[in-house]
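Notes for the structure review
Given next are the chains, with one letter for each unit.
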Amino acid sequence: MRNFHVLILLIAGSIKGDSEVFVARTGDEVQLPCPVNSAECGEFHSLKWYRDSSRMYVYSPVAEFSNAEGSLVDRCLDISQRSLGPKCSRGYLEVTDANADLKISPIELMDEGEYRCEITYIDVSNNCPVVHFTKLRTVAAPEYVSMFINNNPDEDISGQVVGPYSSGSSVAFSCESGGGKPAPSVSWRFGEEDLEGETTVDENILNGDITVTSVVVVDLEREHSGAYLYCSVINEVLDEPLETQVQVDVNVAVKSVFIEEETTGQEDTEMVISCSAVGGRPLPVISWHMPEGVEFETEEESEILEDETFKLISKLTFTPTREENEKYV
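Residues numbered from 1 in each chain as written. Predicted model: local features only at pLDDT ≥ 70, side-chain atom pairs only at ≥ 80, totals over all residues. Heavy atoms only, no water.

Topic: the sheet that holds strand E22 (residues 296-304)
- Read from one edge of the open sheet, four strands run E20-E21-E23-E22, paired in antiparallel fashion. The outermost strands of the open sheet, each flanked by one partner alone, are strand E20 (256-259) and E22. Neighbouring strand axes in the sheet, compared pairwise and without regard to direction, differ in orientation by 15° on average.
- When E22 meets strand E23 (residues 310-318), the two strands line up antiparallel, connected through nine bridges. Residue pairing in the sheet places Glu 301 in a bridge with Ile 313 of E23. (Pairing = 2+ DSSP bridges. Helix = DSSP H or I, 4+ residues; strand = E, 2+ residues; numbered from the N terminus. Axes fitted to C-alpha atoms, helices over the stretch in contact; angles between N-to-C directions.)

Next comes the structure, spelled out in structure tokens:
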């Protein structure tokens, strides 16, 4: 019968309790603490910083070695960043008798994660903390917001007039925002009416970039002609929403056409008749039909009404003779 021996390894030192949480915006600097307490624990041989399972920094005062690693030195491998020279690293260690803090600048979205520093003391008999945890949450304001017609996602229509569309038709619009973290909320407003869109969130696993897309279907009626459609995005980083808008042009039928009350003319005296077309969009066209052989002139004036439709007035000027008596215009 074989005898099995179990070897139990006791790690000298301890793990410090709950993680501290830091929140940092992209582009900022953050300093993550790692207490070393040299006064009580003595000198340490080496110290390593990790983000999740990836090693980020190695430091050894004994070997006189101090190097950032992983994504903290990505810029050093990018030829387009060579002008940075020795400053290409985004990670630095600030060491005192009490701390070996990791500084990261500028912060990028992908820096988010749980950080831990692992300390190897020269004297392991003091039962000093050897692992310290810190959580870093990265945030960023949305970089842009753009609007598209859903069947043409390659053309940004922000700030434009779109249409014209027929009254009674439906149009799908999409609103896209990128660069924000956490994912921004999206809201729609058409004229004075709040609309509910269908929103999807996509995250790039390589760099942490988040793209939010919201789609809304607008049912167009005559009262919507000239109305503005707004898309707004906001997250915890923004003080005010980031907004874009388009103006929607809707074609509507003329509401009414009328000629001023019957006018009595006098032979060989100039006569003026007015015809008005109200409530149409685009600007309507007024045509006159006169008895054969009658010479006439027309003059038009138009205005935009409060509902963004048009009122057109056409004035007909001619000189009647006895041959036009009781004829129709």
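Here's the deal with the pattern of salt bridges
- Taken as a whole and assessed by the stated rule, the structure comprises seven salt bridges.
- As a salt-bridge pair, Arg 90 and Glu 108 come within 3.6 Å of each other at their nearest N and O atoms. Of this pair, Arg 90 sits in the loop between strand E6 (65-68) and strand E7 (91-95) while Glu 108 sits in the loop between strand E8 (100-104) and strand E9 (113-121), and the two are 18 residues apart along the sequence.
- Residue classification places Arg 90 among the buried positions, given a relative accessible area of 1%.
- The partner of Arg 116 in a salt bridge is Glu 118, and the shortest N-O contact between them spans 2.9 Å.
- Linked by salt bridges that have partners in common, Arg 90, Glu 108 and Asp 111 make up one network. (Salt bridge = Lys/Arg side-chain N within 4 Å of Asp/Glu carboxyl O. Buried < 20%, exposed > 50% of the residue type's maximum accessible area, 1.4 Å probe, protein only.)

Quick word on the confidence of the model for the chain
- The pLDDT averaged across the chain works out to 87; a share of 91% of its residues lies at or above 70.
- Of the regions scoring below 50 in pLDDT, residues 1-13 engages in five contacts with residues more than four places distant in sequence or in other chains. (pLDDT = per-residue confidence, 0-100. Contact = heavy atoms within 4.5 Å.)

Observations regarding the state of the cysteines
- Applying the stated rule across the entire model yields four disulfides.
- Bridging Cys 41 to Cys 128, the disulfide has an S-S length of 1.9 Å. Disulfide Cys 41 to Cys 128: torsion about the S-S bond roughly -100°, handedness left-handed. Taken as a pair, Cys 41 in helix H1 (residues 38-41) and Cys 128 in the loop between E9 and strand E10 (129-139) lie far apart in primary sequence, 87 residues in all. This pair shows no difference in class: Cys 41 is buried, exactly as Cys 128 is.
- Between Cys 175 and Cys 231 runs a disulfide, and the two sulfur atoms are separated by 1.9 Å. Judged by the sign of its S-S torsion, about -85°, the cystine formed by Cys 175 and Cys 231 is left-handed. Of the two residues, Cys 175 sits in strand E13 (residues 170-178) while Cys 231 sits in strand E18 (residues 228-234), which places them 56 residues apart along the sequence.
- The class of Cys 175 is buried, set by a relative accessible area of 1%.
- If you count the bonded cysteines of the chain from the N-terminus, they pair up as 1-5, 2-6, 3-4, 7-8. (Disulfide = S-S within 2.5 Å.)

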